[in-house]
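Listed here are the chains, written in short residue letters.
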Amino acid sequence: MTDDRERLKALAAEEVEAHRQEFIELSLRIHDYPETALQEEKASAWLCDYLESQGFQVERGVCGLPTAFRATAGRGEPRVAFLAEYDALPGVGHGCGHNIIAVSAVAAGLGARRVVDSTGGSVCVIGTPAEEAVGGKVLMARQGAFDGLDAAMLSHPGSRDTVYSRALACASLEVEFFGKESHAAARPEAGINALDALVLAYNAVAALRQHIRSSARVHGVITDGGQVANVVPDHSAGNFMVRAEDDAYLEEMKAKVIACFEAGARASGARLEYRWSENQLAAMRTNRSLADAFRANLSTLGRQTSDRASRATGSTDMGNVSALVPAIHPTIAVAPPEVSVHTREFAACAASEDGHRGLLDAARAMAMTAIDVLIDPDLRRRMKEEFLASP
Ligand SMILES: [Zn+2]
Ligand SMILES: [Zn+2]
């Protein structure tokens, strides 16, 4: 069985290697034509065309999202999915390196497809748009896109090799205050200052920060603070984000943050209106058993990870997938440690030799891990038990 497992993994790795040049070209093509959330028409079409040309059965525009897709090979259970992201950021292009995520998923799909007739089960590449802006996976999860999967994997490029990702749950908030305008010098007593309300609330949030868990985050901007100095502002607005390491603490934080805005309203007399975004991001629940398998496979490629105690950083809609099925969201180093994602510098790394190496290693490790899942019922049982036991 071990020999067989190693033989299948070698075949999958060979398949990735055989298409190496096509993967690099596809990644660079997406990188050179950055498309932002829900506009990823070219990237989605290129990925679908390629998967189709390689014999995958491709459904385009799934879940009512024109740039989402699902490409399948093999048949029945177990089912393993590689998730692709391909949206870019305004201003910094592929500063999050989603071109690498997209093509590593496709490449892992090809690698696993090479052996799926021997292992049984099926592999699919699921195209998930708009990670950066909308949370495409949240919408797709609601439509059942991830139901019935035994494992879901997504490799994100970064500045370190890490396996046990701990992305934060995240809720976005829009606030508005409505006051009453008046001449700021002649009749200030007649005005209700909506800007004061927002500034008081902003400072209340700042005071709150001292008394929340160190892993939690609240941050925001003022998008409307009035027009001119001699009119008391009758309207103000802002966007805020609240993040926490687990979904329960996020709910607690949300209530505390709203109390800050209510305080601003109460002190100023302005009326508060607020809306939480429908697409709340769940915390990433990394499936340890699946992550351990991935880590072992990655180490055979010469990449050692050491991140059991790494702290959570950003948030991702992969968290919502991890709430539904056993999932991992490892990061693969393509940039030096001092280079952060969402920068032009990182975008350059996503098109570099290190970027290509990261893409191919991520693909090989995911394909090998898929083989572990497909042929090892004991691993599937451990993954499932752990998934059911997680909060
Ligand atoms: Zn990003
Ligand atoms: Zn990203």
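Above this note sits the structure.
Scope of this entry: the structure provided in the associated data block. (Residues numbered from 1 in each chain as written. Chains lettered and ligands numbered in written order. Predicted model: local features only at pLDDT ≥ 70, side-chain atom pairs only at ≥ 80, totals over all residues. Heavy atoms only, no water.)

The number of helices and strands found in the chain is 12 helices and 12 strands. Relative to the compact-globule value of 21 Å for 391 residues, the chain shows a C-alpha radius of gyration of 23 Å, a close match. On the principal axes, the C-alpha backbone points of the chain span a range of 85 × 40 × 40 Å. Here the chain holds 391 residues, and 54% of them are scored as buried. (Helix = DSSP H or I, 4+ residues; strand = E, 2+ residues; numbered from the N terminus. Rg over C-alpha atoms; globule rule 2.2 N^0.38 Å. Buried < 20%, exposed > 50% of the residue type's maximum accessible area, 1.4 Å probe, protein only.)

To continue, consider the pattern of salt bridges. Counting across every chain of the model gives 28 salt bridges. Between D247 and R285 there is a salt bridge whose closest N-O contact spans 3.2 Å. In this pair, D247 is assigned in helix α7 (residues 247-268) and R285 in the loop between β10 (271-276) and α8 (288-299), connecting sequence segments 38 residues apart. (Salt bridge = Lys/Arg side-chain N within 4 Å of Asp/Glu carboxyl O.)

On to unusual backbone geometry. Here the amide bond leading from E77 into P78 is cis, since omega sits at -10 degrees, within 30 degrees of zero. Along the chain, P78 falls in the loop between β2 (69-75) and β3 (79-84). The phi dihedral of C63 is positive, around 60 degrees, even though this residue is not glycine. Take C63: it is sitting in the loop between β1 (57-60) and β2. With relative accessibility at 21%, the residue C63 sits in the partly exposed group.

Before going further, it helps to examine the coordination of the zinc ion (ligand 2). Around the zinc ion (ligand 2), the donor atoms from the protein are C96 (SG), H98 (NE2) and H156 (NE2), and they sit 2.1 to 2.3 Å away. On the primary sequence, the residues serving as donors to the zinc ion (ligand 2) are separated as C-x1-H-x57-H. In this model, the zinc ion (ligand 2) sits 3.0 Å from the zinc ion (ligand 1), the two metals being bridged by C96. Judged by its relative accessible area of 7%, C96 falls in the buried class. Overall, H98 belongs to the buried group, its relative accessible area being 0%. (Donors = N, O, S within 2.8 Å, 3.2 Å for Na, K, Ca; no water.)

Moving on: the coordination of the zinc ion (ligand 1). The coordination sphere of the zinc ion (ligand 1) contains the protein donors C96 (SG), E132 (OE), E132 (OE) and H342 (NE2), at a distance range of 2.0 to 2.8 Å. Around the zinc ion (ligand 1) sit four donor atoms, and with donor-metal-donor angles ranging over 51 to 146 degrees the site reads as irregular. Donor residues for the zinc ion (ligand 1), ordered by position in the chain, follow C-x35-E-x209-H. Its relative accessible area of 39% is what places H342 among the partly exposed residues. (Tetrahedral: all angles 85-135°; square planar, octahedral: opposite > 155°, others 65-115°.)

Attention now goes to the packing of aromatic side chains. This structure, assessed with the given rule, holds six aromatic pairs. Ring centres of Y33 and W46 lie 6.1 Å apart, and the angle between their planes is 70 degrees; on these two criteria the pair is classed as edge-to-face. With a gap of 13 residues between them, Y33 in the loop between α2 (20-32) and α3 (41-53) and W46 in helix α3 connect regions that are remote in the sequence. Put simply, the rings of F177, Y202, F240 and F261 touch in pairs and so form one group of aromatic residues. Taking NZ or CZ as reference, R29 lies 5.2 Å from the ring centre of W46, over its face. In this arrangement the basic side chain of K254 is found over the ring face of W276, its NZ or CZ atom lying 4.9 Å from the centre. (Phe/Tyr/Trp six-rings, centres within 6.5 Å; stacked < 30°, edge-to-face > 60°. Lys NZ or Arg CZ within 6 Å of the ring centre and 35° of its normal.)

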